[in-house]
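The primary structure of each chain is shown beneath.
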Amino acid sequence: PKSKLLILLLVLSLLAVSFLPVFTFTYLYPSMDKLLIRSSQEQANRIANHFVEYFVVPDVALTYDHVTYDLKDEIFEILENFSLEKVKLFSSTGEVLFSTEPDDIGAMNKNDYFKVIVMRGQNLTKLVKKDTETLEGKLVTKDIIETYVPIRGKDSIIGAFEIYVDLTDTKALYNEVVKRSTIIIFIVSFILFVSLLVSLYYLSKNMQARDRAEQLLQEHRDELELLVKQRTAEVTAANVQLQEDIN
């Protein structure tokens with residue numbers, strides 16, 4: 001029973017020590033990714049709303065005529081100052097009216113998500129890691145956040161901005177934080193585990209010492225009981241002998 005208790009304590013200790021790294025890798029780090037995505041999406045919203053101020057929002061649809069020189073100049077200035085990788089402006093049909101990469105202009109976005117999500121007024125954001133594909137199926141060479149921000153007209157969605165936020169510096173800082181925190185977590189977990197093992201070792205030694213003391217005490221009681229029985233037998237025999245002598 002006592003050995004089972006020690007095993008139970010060891011298992012509980014392992015579970016307690018394992019909780020910290022498990023919690024960190026299954027909840028904390030993914031939460032940081034979500035926070036990064038949400039922060040980039042909010043940034044993209046602010047930038048898109050800022051761009052809208054540089055043209056007159058039509059009631060029906062965006063056209064090439066709405067891509068003014070002021071809008072282009074502002075996009076390229078923001079591109080440089082806010083770590084943006086690329087900016088596109090779409091019409092409601094999915095045609096690229098403007099892009100910081102001229103080869104994209106005139107292309108059509110025929111993906112279902114554009115009509116089903118973006119053109120229904122919902123933002124769409126994706127964390128695209130290095131050497132993977134964007135929502136449009138293009139390979140990227142760095143970590144980015146790709147965000148579609150719908151542009152609202154009077155009664156409908158008239159187009160959308162697509163903004164690529166460069167995460168190179170942010171991810172480098174993030175990875176460094178993750179690396180350091182991971183090292184700290186494993187060091188703390190190791191120290192806790194060793195401390196628990198030492199505590200269990202001394203607990204085991206104390207239990208063994210107590211068991212040995214109880215064993216010695218029981219042996220002493222057995223010897224004392226045997227001695228009492230022997231003495232009782234001797235006294236009884238002496239009394240019998242004395243009665244025989246008297247008679």
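Reading guide: rules and limits
- Residues numbered from 1 in each chain as written.
- Predicted model: local features only at pLDDT ≥ 70, side-chain atom pairs only at ≥ 80, totals over all residues.
- Heavy atoms only, no water.
- Helix = DSSP H or I, 4+ residues; strand = E, 2+ residues; numbered from the N terminus.
- Rg over C-alpha atoms; globule rule 2.2 N^0.38 Å.
- Buried < 20%, exposed > 50% of the residue type's maximum accessible area, 1.4 Å probe, protein only.
- Contact = heavy atoms within 4.5 Å.
- Areas by Shrake-Rupley, 256 points an atom, 1.4 Å probe, with all protein chains shown as cover.
- Lys, Arg positive; Asp, Glu negative; His and termini not counted.
- Charge placed at Lys NZ, Arg CZ, Asp CG, Glu CD.
- Phe/Tyr/Trp six-rings, centres within 6.5 Å; stacked < 30°, edge-to-face > 60°.
- Pairing = 2+ DSSP bridges.
- Core = buried A, V, L, I, M, F, W, Y, C linked by side-chain atoms within 4.5 Å.
- Polar contact = N/O pair within 3.5 Å; in protein donor to acceptor, adjacent residues only side chain to side chain.
- Expected span 1.5 Å × (residues − 1).
- Arc of directions from axis to C-beta.
- Axes fitted to C-alpha atoms, helices over the stretch in contact; angles between N-to-C directions.
- Patch = residues over 30% accessible without salt bridge, like charges linked within 9 Å, V, L, I, M, F, W, Y side chains within 5 Å.
- Salt bridge = Lys/Arg side-chain N within 4 Å of Asp/Glu carboxyl O.
- pLDDT = per-residue confidence, 0-100.

Enquirer: Would you mind going over the overall build of the protein in detail, with residue names and values included?
Expert: The number of helices and strands found in the protein is 4 helices and 5 strands. Reading the protein from its N terminus to its C terminus gives the helix and strand order α-α-β-β-α-β-β-β-α. For 247 residues, the compact-globule formula gives about 18 Å, and the C-alpha radius of gyration of the protein, at 39 Å, lies well above that figure. Principal-axis analysis of the C-alpha atoms places the extent of the protein at approximately 145 × 35 × 25 Å. Across the 247 residues of the protein, 31% fall into the buried class. The contacts of the protein with a sequence gap of at least 6 include a subset with a gap of at least 24, amounting to 56%. As displayed, the protein offers around 16,100 Å² of accessible surface, 59% of which is attributable to carbon and sulfur atoms. Computed over 27 positive and 35 negative side-chain charges, the separation of the two mean positions in the protein equals 5 Å.

Enquirer: Describe in detail the packing of aromatic side chains, supporting the description with residues and values.
Expert: Across all of its chains, the model carries 6 aromatic pairs by this definition. With centroids separated by 5.2 Å and ring planes inclined at 50°, the aromatic side chains of Phe-90 and Phe-114 adopt a geometry described as tilted. In this pair, Phe-90 is assigned in strand S1 (residues 84-91) and Phe-114 in helix H3 (residues 112-116), connecting sequence segments 24 residues apart. Taking relative accessible area as the criterion, Phe-114 reaches 0% and is therefore assigned buried.

Enquirer: Pulling in residues and values, what's your account of the environment of Ala-61?
Expert: As for its placement among the helices and strands, Ala-61 is situated in the loop between helix H1 (2-52) and helix H2 (69-81). Separated by 96 residues in the primary sequence, Ala-61 and Ile-157 place their C-alpha atoms 8.1 Å from one another. Apart from residues no more than four positions distant in its own chain, Ala-61 is found in contact with His-66, Ser-92 and Ile-158.

Enquirer: Outline the pairing of strand S5 (residues 157-166), listing residues and values.
Expert: Of all 10 residues in S5, 10 are buried, a share of seventy percent or more. Two successive antiparallel strands, strand S4 (residues 144-152) and S5, enclose a turn made up of 4 residues.

Enquirer: Describe the nonpolar core, listing the residues and the values that go with them.
Expert: Grouped together as the largest cluster of nonpolar side chains are 26 residues, with contacts concentrated most on Phe-51, Leu-84, Leu-89, Phe-161 and Ile-163. Elements with a contribution of two residues or more to this core: H1, H2, S1, strand S2 (96-99), S4 and S5. Other than its neighbours up to four places away in sequence, Leu-89 contacts Leu-62, Val-67, Leu-71, Glu-95, Val-96, Leu-97, Phe-98, Ile-151, Ala-160 and Phe-161. In this structure, Val-96, Tyr-113, Val-118 and Tyr-148 belong to the second largest nonpolar core, which totals 10 residues.

Enquirer: Requested: an account of the side chain of Lys-86, with residues and values cited.
Expert: Tracing the sequence through the fold places Lys-86 in strand S1. Judged by its relative accessible area of 6%, Lys-86 falls in the buried class. For Lys-86, the side chain forms a polar contact with the side chain of Asp-104, separated by 3.3 Å. Residue contacts for Lys-86: discarding those within four places in its chain leaves Leu-79, Ser-99, Thr-100, Glu-101, Asp-104, Lys-138, Glu-162, Ile-163 and Tyr-164.

Enquirer: Outline H2, listing residues and values.
Expert: Its 13 residues place the ends of H2 18 Å apart at the C-alpha level, agreeing with the 18 Å of an ideal helix rising 1.5 Å per residue. Regarding H2, the residues found buried are Leu-71, Glu-74, Ile-75, Ile-78 and Leu-79. Down the axis of H2, the buried set is contained in an arc of 140°. They therefore lie on one face. Exposed side of H2, more than 90 degrees from the buried face: Tyr-69, Asp-70, Asp-73, Glu-80 and Asn-81 are the residues found there. Phi for Ser-83, located one or two positions after H2, is positive at around 55°.

Enquirer: Account for the sheet that holds strand S3 (residues 124-128), with residues named and values stated.
Expert: Taken together, the 5 strands give an open sheet; going across it, the order is S2-S1-S5-S4-S3, and neighbouring strands pair in antiparallel fashion. Each end of this open sheet is capped by a strand with a single partner; those strands are S2 and S3. Between one strand axis and the next, the sheet turns by 15° as a mean value, whatever way the strands run. Sheet topology note: the S1/S5 ladder contains 7 bridges and is antiparallel. Looking at S5, one finds that Leu-84 is bridged to Val-165. With respect to the sheet, H2 is in contact with S1, S2 and S5, its orientation differing from that of S1 by roughly 150°.

Enquirer: So what's going on with the pairing of S2? Which residues, and what values?
Expert: Two elements, S1 and S2, share 3 bridges in a ladder whose sense is antiparallel. Each bridged residue has a counterpart across the sheet, and for Lys-88 the counterpart in S2 is Ser-99. Following S1, the chain reverses through 4 residues before pairing antiparallel with S2; Gly-94 in that reversal takes a positive phi of roughly 100°.

Enquirer: With reference to specific residues and values, describe a nonpolar patch on the surface.
Expert: A contiguous nonpolar patch, built from Ile-183, Ile-187, Phe-190, Ile-191, Val-194, Val-198, Tyr-201 and Tyr-202 and spanning about 790 Å² of accessible area, is present on the exposed surface. Mapped onto the elements, Tyr-202 comes out in helix H4 (residues 168-246).

Enquirer: Describe the confidence of the model for the protein, naming the residues involved and giving the relevant values.
Expert: Averaged over every residue, the pLDDT of the protein is 84; residues scoring 70 or more account for 93%. In the model of the protein, H1 stands out as the element of lowest mean pLDDT, 75, in contrast to S2, which has the highest, 96.

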